[in-house]
Amino acid sequence: MRVIAGTARSLPLKTPSGTDTRPTTDRIKETLFNMLQPYVPDGIFIDLFSGSGGIGIEALSRGAKHAYFVENDRDAFLCIQSNVAFTKLADQATLFRQDVFNALTMIHEKEADIIFMDPPYNQGYEAKTLAALADKPYVTENTLIIVEAKLSEDFSFAAGLGYRIEREKNYKTNKHVFLRKEQGKEG
């Protein structure tokens, strides 16, 4: 796994050993950031269930102003620490080694530009996390939320939480779902 573009281009990233994390492949990461590129420069990026931190690091490398990394697993968190130091992006990164739901209350930004999450599959974290984000003041109708999920994950619950699905991008084994808050649904 490596950084695709930007200031840290081509630098290799460490990944946690074992099967608890599923690093986003370079190909999918490149496709994702081709879609995100207009929103990344000078933006606030939040990487939830960060794993190795590859997505947030890619955002920083491509010009995001600041990135928050949230990861509860010790080995994965150590990989993020190592990766942000190795890519020389640590000054623009805030790392939380804790539960996503607690970390969300510790982010104090006026507005997040992009929130990316890649939660463990089959545990209902997609809906729980979107519900937790719904009342955060930094999540506005301008905030783009991307959820990496298994292909079969049903997001029909999103409207009931005050979100609209803007797009779904399907890959071979998973997908990215792009959401925004409905206007007037600020927390």
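Preceding block: the structure.
This is a predicted model, so every value here is computed, not measured.

A. Structural view of the overall build of the protein chain. Across its full length, the protein chain holds five helices and seven strands. Start at the N end of the protein chain and walk to the C end: the helices and strands fall as α-β-α-β-α-β-α-β-α-β-β-β. For the protein chain, the C-alpha radius of gyration of 15 Å lies close to 16 Å, the compact-globule estimate for 187 residues. The principal-axis extents of the C-alpha atoms in the protein chain amount to approximately 40 × 35 × 30 Å. Classification of the 187 residues of the protein chain by burial places 50% in the buried group. On the protein chain, roughly 8,800 Å² of surface is accessible, and the fraction owed to carbon and sulfur atoms is 47%. Positive and negative side-chain charges in the protein chain, numbering 23 and 25 respectively, have mean positions lying 4 Å apart.

B. Structural context of unusual backbone geometry. For K88, which is not glycine, the phi dihedral falls at a positive 60°. When you line up the elements, K88 lands in the loop between α3 (74-86) and β3 (93-96). In this structure K88 comes out as exposed when scored by relative accessible area, which is 73%.

C. Seen up close, the environment of D42. Summarising the element assignment, D42 is placed in the loop between α1 (26-36) and β1 (44-48). The spacing of D42 and E30 is twelve residues in sequence and 19 Å in space, taken between C-alpha atoms. With sequence-adjacent residues up to four places away left out, D42 is seen in contact with G63, A64, K65 and D113.

D. Main features of the nonpolar core. With 28 residues, the main nonpolar core has L48, L133 and I145 as its most contacted residues. The set of elements that each furnish at least two residues to this core consists of β1, β2 (66-70), α4 (100-104), β4 (114-117), α5 (125-133), β5 (144-150) and β7 (174-181). Excluding its chain neighbours within four sequence positions, the residues that come into contact with L48 are V70, V100, L104, I115, F116, M117, D118, T129 and L133. Counting 27 residues, the second-largest nonpolar core is a separate cluster that includes L13, I57, L89 and I146.

E. Up close: the sheet that holds β4. Sheet architecture is open: seven strands sit in the order β3-β2-β1-β4-β5-β7-β6, paired in mixed fashion. Lying at the two open borders of the sheet, with one neighbouring strand each, are β3 and β6 (163-170). With direction set aside, neighbouring strand axes in the sheet form an average angle of 15°. Bridge analysis of β1 against β2 gives five bridges, and the strand direction is parallel.

Reading guide: rules and limits
- Throughout this description, residue numbers start from 1 for each chain and increase along the sequence as written.
- Only residues with pLDDT of at least 70 are given local features in this predicted model, and only at 80 or more are side-chain atom pairs given and counted; all residues enter the totals for whole chains, interfaces and linings.
- Side-chain numbers here rest on the full set of heavy atoms in the structure, without hydrogens or water.
- Runs of H or I in DSSP of at least four residues are treated as helices and runs of E of at least two as strands, each being numbered from the N terminus.
- Only the C-alpha atoms count toward the radius of gyration. The rule for a globule is 2.2 Å times the residue count to the power 0.38.
- Note on classification: 1.4 Å probe, protein chains only; a residue is buried when its accessible area is under 20% of the maximum for its type, exposed when over 50%, partly exposed between these limits.
- In short, Shrake-Rupley with a 1.4 Å probe defines the accessible areas, and a residue's cover is counted only from the protein chains shown.
- None of His or the chain ends enter the tally, which takes Lys and Arg as positive and Asp and Glu as negative.
- A single reference atom marks each charge: NZ on Lys, CZ on Arg, CG on Asp, CD on Glu.
- In what follows, a contact means two residues having at least one pair of non-hydrogen atoms within 4.5 Å.
- Take the buried Ala, Val, Leu, Ile, Met, Phe, Trp, Tyr and Cys residues and link them wherever side-chain atoms come within 4.5 Å; each set so joined is a nonpolar core.
- Strand pairing follows a simple DSSP-based rule, namely that at least 2 bridges must link the two strands.
- A fitted line through C-alpha atoms represents every axis, and for helices the fit uses only the stretch in contact; the resulting angles, taken between N-to-C directions, go from 0 to 180 degrees.

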